[in-house]
Amino acid sequence: MFNPFDLETMLSTQDFKTTTCVLCFSGGQDSTTLALWAKRAFKQTHLLGFDYDQKHAIELTQAHTIARILELPYKVLHLSYLQEISASSLFAHTPHALNTPHPQALNLPSSFVPNRNALFSTLAHAYAFSLGAQAVLLGVSMQDYSGYFDCRQDFLESLQMSLNLGAFGKEGGIALLAPLMFATKAQEFQLAHALGGLELILEQTHTCYAGVRQKRHDYGYGCGACPACQLRQQGYIKFSKGLV
C-alpha cells in the first residue's frame with residue numbers, strides 16, 4: 001500500500017474509517033509515526049508491544065508513555081524465551097557486539113533477530129482475531145532497513161496468506177499492512193510533522209539499539225553510532241533540509 005509513498009494520500013485516505021487495527025508497537029520512530037496516523041485513519045487502534053529482553057528495553061518505558069499521551073490501549077507480551085533459541089546483539093545478555101556481522105548470517109548485521117517480525121506479526125494476528133479487528137499494522141520499511149529480509153513486501157504478503165489460511169481457511173481475513181513500507185526516514189519525519197506529532201517523535205520515541213537515553217541530539221535520543229541512530233540521524237538531516 002502507498003507505493004510509492006505519498007504524503008497527501010496518507011493524510012487524506014478514508015479507506016479505514018470503519019476498521020479496527022492492531023499495531024505492533026515498540027515506542028520507536030516507525031511505530032509511533034504509524035500510531036499517530038492510525039489514530040486518525042482507523043476507527044479503533046490497539047497497540048501491542050513485545051518484551052523480548054531486548055538491550056534497549058527503555059523503548060518499552062517510552063512506549064507506555066507514548067500510549068498514554070495518545071490515549072490508545074496498549075498491551076505487552078513477554079517473550080524473554082526468544083534469546084534462548086536465537087542469537088542477536090539486541091538481546092540484553094549476549095556476547096555479540098553491535099555494528100558487527102551476524103554470527104549465523106554474515107551478510108546481515110548482528111542486530112538481526114531471526115523470524116522476529118514473523119513472530120510479532122503472528123501474535124498480532126491472533127490478537128486481532130480475538131478483537132474482531134480487520135488489520136494488523138507494522139512499521140517496517142524497505143527503504144531504510146538494515147538488510148532484514150522480514151522487512152520486505154513479499155515476506156508480509158506471504159505471511160498474510162499463511163496466517164489467514166490458518167485462521168479463516170481462506171486467503172482473506174485480516175490484512176497485514178505496512179503503510180511506511182516505501183517511506184524513507186525523512187518522509188516519516190515529514191508525516192509526523194504533518195500530523196502534529198514531530199515533537200512527540202523527537203522527545204519521546206526511542207530507536208537506539210544501545211539503549212542510550214542520556215544524549216539528546218537534533219533527531220532525538222541515542223548513542224549516535226549504532227545503525228538505528230545513523231538511519232534516524234540521516235533521515236532527520238534530509239527532512240530538516242527539505243530533501244524528502
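Conventions and cut-offs
Within every chain, residues take consecutive numbers counted from 1 along the sequence as written. Local features are withheld for residues below a pLDDT of 70 in this predicted model, meaning they are given only at 70 or higher, and side-chain atom pairs are given and counted only at 80 or more; totals for whole chains, interfaces and linings count all residues. Excluding hydrogens and water, the side-chain figures rest on all heavy atoms present in the structure. Here a strand is any run of E in DSSP of at least two residues, a helix any run of H or I of at least four, and the numbering for each starts at the N terminus. Contacts are residue-level and defined by heavy atoms, with any inter-residue pair within 4.5 Å sufficient. Throughout, the Shrake-Rupley method with a 1.4 Å probe supplies accessible areas, and for residues the shown protein chains are the sole cover considered. Only protein chains enter the accessibility calculation, which uses a 1.4 Å probe. A residue is then buried if its area is under 20% of the maximum for its type, exposed if over 50%, and partly exposed in between. Here Asp and Glu are counted as negative and Lys and Arg as positive; His is not counted, and neither are the chain ends. Should a side-chain nitrogen of Lys or Arg be within 4 Å of a carboxyl oxygen of Asp or Glu, the pair is scored as a salt bridge. Whenever two N or O atoms come within 3.5 Å, that pair is a polar contact, provided that in protein one can donate a hydrogen and the other can accept it, and provided that, for residues adjacent in sequence, both atoms are side-chain atoms. Cavities and pockets were defined on a 1 Å grid built over protein atoms only: a cavity is a set of grid points that admits a 1.4 Å probe from which the probe cannot escape, a pocket is an open set flanked by protein on both sides within 12 Å along at least five of seven lines, and lining residues are those with an atom within 4 Å of any such point. Grid points are joined across faces, edges and corners, and a volume is the space filled by probe spheres set on the points. Under this grouping Gly is polar, as are all residues other than the nonpolar Ala, Val, Leu, Ile, Met, Phe, Trp, Tyr, Cys and Pro and the charged Asp, Glu, Lys and Arg. To obtain an axis, a line is fitted to C-alpha atoms, over the contacting stretch when the element is a helix, and the angle between two such axes runs from 0 to 180 degrees between their N-to-C directions. We call a crossing left-handed when the near helix sits turned anticlockwise from the far one by less than a right angle, and right-handed when that turn is clockwise.

Which residues make up the overall build of the protein chain, and what are the values?
Along its length, the protein chain carries nine helices and nine strands. Intrachain contacts of the protein chain at a sequence separation of at least 6 include 67% that bridge at least 24 residues. Here the protein chain displays about 10,800 Å² of accessible surface, and carbon together with sulfur accounts for 51% of that area.

Give me the side chain of Arg213: which residues, what numbers.
Mapped onto the fold, Arg213 is located in the loop between helix H8 (198-204) and strand S8 (216-217). Although Arg213 lies buried, it forms no salt bridge, and the closest oppositely charged side chain, Glu203, sits 5.5 Å away as judged by the N-O distance. Engagement of the side chain of Arg213 in a polar contact is seen with the backbone oxygen of Thr205, the distance being 3.0 Å. Excluding residues within four positions of it along the chain, Arg213 makes contact with Ile58, Gln62, Glu203, Gln204, Thr205, His206 and Tyr221.

With reference to specific residues and values, describe the layout of surface pockets.
In this structure, the largest pocket spans a volume of roughly 150 Å³. If you go around the largest pocket, the residues you meet are Met1, Gln153, Leu156, Glu157, Gln160, Leu176, Leu177, Ala178, Met181 and Phe182. Elements that contribute at least two residues to the lining of the largest pocket include exactly helix H6 (153-168) and strand S7 (175-177). Per-element accounting of the lining of the largest pocket gives the leading share, four residues, to H6. Tallied by class, the residues present in the lining of the largest pocket amount to seven nonpolar, two polar and one charged.

Tell me about the packing of helix H2 (residues 29-41) against helix H7 (residues 185-194), residues and numbers included.
In the contact formed by H2 and H7, the axes pass within 10 Å of each other and the chain directions differ by 35 degrees. Here H2 runs over H7; the crossing is left-handed. On H7, the residues touching Gln29, Asp30, Thr33 and Leu36 of H2 are Lys185, Glu188, Phe189, Leu191 and Ala192. The residue inventory of the contact of H2 with H7, partitioned by class, reads four nonpolar, two polar and three charged.

Outline the side chain of Asn117, listing residues and values.
For Asn117, the location among the structural elements is in helix H5 (residues 116-131). Classification of Asn117 as buried rests on a relative accessible area of 10%. Setting aside residues up to four positions removed in sequence, Asn117 forms contacts with Val140, Asp150, Cys151 and Phe155.

Nothing here speaks to function; it is all geometry.
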